[in-house]
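# Chain and residue survey
The residues making up each chain are set out below.
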Amino acid sequence: DDDDDDDDDDDAMEDAMEDALDGISYDDDETFELPADFDDGLGEDAIEVDEDAALGALNAMFDDDDDRRDRDDDEEEEEDRRREERKAARKKNPNLVTCARCYSLRHHGVVKNQAAEILMPSFDFGRVVGNKLKRTGPGGAVILLLVDIVDFDASFPIDAVDFLDPYVKDETVDVLLVANKVDLLPTQCTRARVSTFARRRAKSHGLRKAAGVHLVSAHTGMGINTLSEQLMQLLEDGREVWVVGAQNVGKSSLINRLSRRFDGPGPEDGGPLASHLPGTTLGVVKLPKLLPNGTDVYDTPGLLQPFQVSSRLTGEEARMVLPRRRLSPRTYRVEVGGSIHLGGLARVDYLDGPQRTVYLTVWVSDDVVSHYVVRGENGKADALYEKHAGGKLSPPIGENRVKQLGEWGSRTVTVYGTDWNTSTRDISIGGLGGVGVGVNG
């Protein structure tokens, strides 16, 4: 019985198919023709389909990825071509002539004549950069404003920012705030926290507007790709890039890193010379067509920050003060009357407080000696300094350098806190480091 039912269903299905195909006749080539009245009712305004266009639209649905790959390949080929042109242009240049000062800095890390350094003219930022920016016109330049993230407040070039403010206001320049040496920060410092800190402090120092904030390390290359991408978005034919910052923030090192990013010259074949010595770059150095789109880059001398301790040090002493490894905290539980020596350059005295002790965390280079005097009052801390400054308490190096630096000044700082476990406030010593204060009261 089940078989009979299945046969009946098959017959019904065949009848339905024949009814549906009624009126359609087949020729010998197994093609079919539509009934003569098939297009009745479509009207005279019926749209004729362009077969080529329809086929093209269909292919486009599947060829987008291929076209995108082709465009990417074309862009890569164009970039490779530009790189080869820049390399060929550099090969056509005559051999570079290096002065005795730069040769000594590059190969020996010292200047040729230390006594002659004080005779070098100071850099007039307003005159040199200002005259140039006036000629560029609106949208004519991008300013890379460099700061040392480890010594942010002391390395922030307030005078330069004040001078650039009118050009930022009328959009003559775009400013990118670049915080260098991020690789030296403790691992607990997240990028979000540091970026927020940099924006807030820069605004408080007068930076009206920044097109972007970048955390980079010119030494390791960290963050350079992200900076390069935004820089390329801002650059147009004819625009210039000016690198501005205080001494020893890493301007020349950053330029060399960006240059290598785009297969440009390094310090050995035309790039700027980078050194730990303050004032290595004496004047504005133009690096023509260093970046894609024929962009010229200008390396400027480091701006002098008189309140930075490092500005008064010798080359060897500056090397000791500048951190070369990730900063490590040194925490002391200091009693009232106690003192902490930071080499022979600074001292922190705990004068009075709501509690008997306070926690002080020192952030300085590994080469800077710190020493805690339990009870430094009654001249004990002074006696230790007089005996060991320039020796065990270094930098400075040597008794003569201690005398050259002269007598110390003092400043009283009042700090309020709510927690012993974390540093509520930081005391910054420009060009040397800082001291975090943990106190409840």
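Computed from a predicted structure; not experimentally measured.

## Comments concerning the packing of helix α5 (residues 125-136) against helix α7 (residues 158-169)
Axis separation between α5 and α7 bottoms out at 11 Å; the angle between their running directions is 15 degrees. Relative to α7, the element α5 is oriented roughly parallel. For the pair α5 and α7, the crossing hand works out as right-handed. Two secondary-structure elements touch here, α5 through Phe125, Gly126, Gly130, Leu133 and Lys134 and α7 through Ala160, Phe163, Leu164 and Tyr167. Considered class by class, the residues forming the contact of α5 with α7 number 6 nonpolar, 2 polar and 1 charged.

## Observations concerning the sheet that holds strand β10 (residues 339-342)
Overall, antiparallel pairing links the 3 strands, which are arranged β11-β10-β13 in an open sheet. The outermost strands of the open sheet, each flanked by one partner alone, are β11 (346-349) and β13 (370-373). Pairwise comparison of adjacent strand axes, ignoring direction, gives a mean angle of 15 degrees for this sheet. Sheet analysis places β10 next to β11, joined by 4 bridges and oriented antiparallel. Its bridge partner being in β11, His341 is matched across the sheet by Arg347.

## Brief notes about the environment of Leu313
Looking at the element boundaries, Leu313 is found in the loop between β8 (295-299) and α11 (315-321). As for Leu313 and Arg401, which are separated by 88 residues in sequence, their C-alpha atoms are 8.9 Å apart. Contact partners of Leu313, with chain neighbours within four places excluded, come to Ala318, Val321, Leu345 and Arg401.

## A look at the sheet that holds β8
With mixed pairing, 6 strands are arranged side by side in an open sheet as β5-β4-β3-β6-β8-β7. Edge positions in the open sheet fall to β5 (212-215) and β7 (285-291), since each of these has one partner strand only. On average, each strand axis in the sheet is tilted by 25 degrees relative to the strand beside it, whichever way the strands run. Here 4 bridges tie β7 to β8, and the two strands are oriented antiparallel to one another. Among the inter-strand pairings, Lys286 is bridged to a residue of β8, identified as Tyr298.

## Digging into the packing of aromatic side chains
Per the stated rule, a full pass over the model turns up 7 aromatic pairs. The interplanar angle of 50 degrees and the centroid separation of 4.6 Å between the aromatic rings of Tyr385 and Trp408 together place this pair among those described as tilted. Taken together, the residues span a long stretch of sequence, with Tyr385 in helix α12 (residues 380-388) and Trp408 in the loop between α13 (399-405) and β14 (418-419) at a distance of 23 residues. An aromatic cluster is built from Phe152, Phe156 and Phe197, whose rings are joined through pairwise contacts. Over the aromatic face of Phe262 sits the side chain of Arg261, whose NZ or CZ is 5.2 Å from the ring centroid.

Thresholds, definitions, all that
Residues numbered from 1 in each chain as written. Predicted model: local features only at pLDDT ≥ 70, side-chain atom pairs only at ≥ 80, totals over all residues. Heavy atoms only, no water. Axes fitted to C-alpha atoms, helices over the stretch in contact; angles between N-to-C directions. Helix = DSSP H or I, 4+ residues; strand = E, 2+ residues; numbered from the N terminus. Parallel < 35°, antiparallel > 145°, perpendicular 65-115°, else oblique. Left-handed = near helix turned anticlockwise from the far one by under 90°. Contact = heavy atoms within 4.5 Å. Nonpolar A, V, L, I, M, F, W, Y, C, P; charged D, E, K, R; others polar. Pairing = 2+ DSSP bridges. Phe/Tyr/Trp six-rings, centres within 6.5 Å; stacked < 30°, edge-to-face > 60°. Lys NZ or Arg CZ within 6 Å of the ring centre and 35° of its normal.

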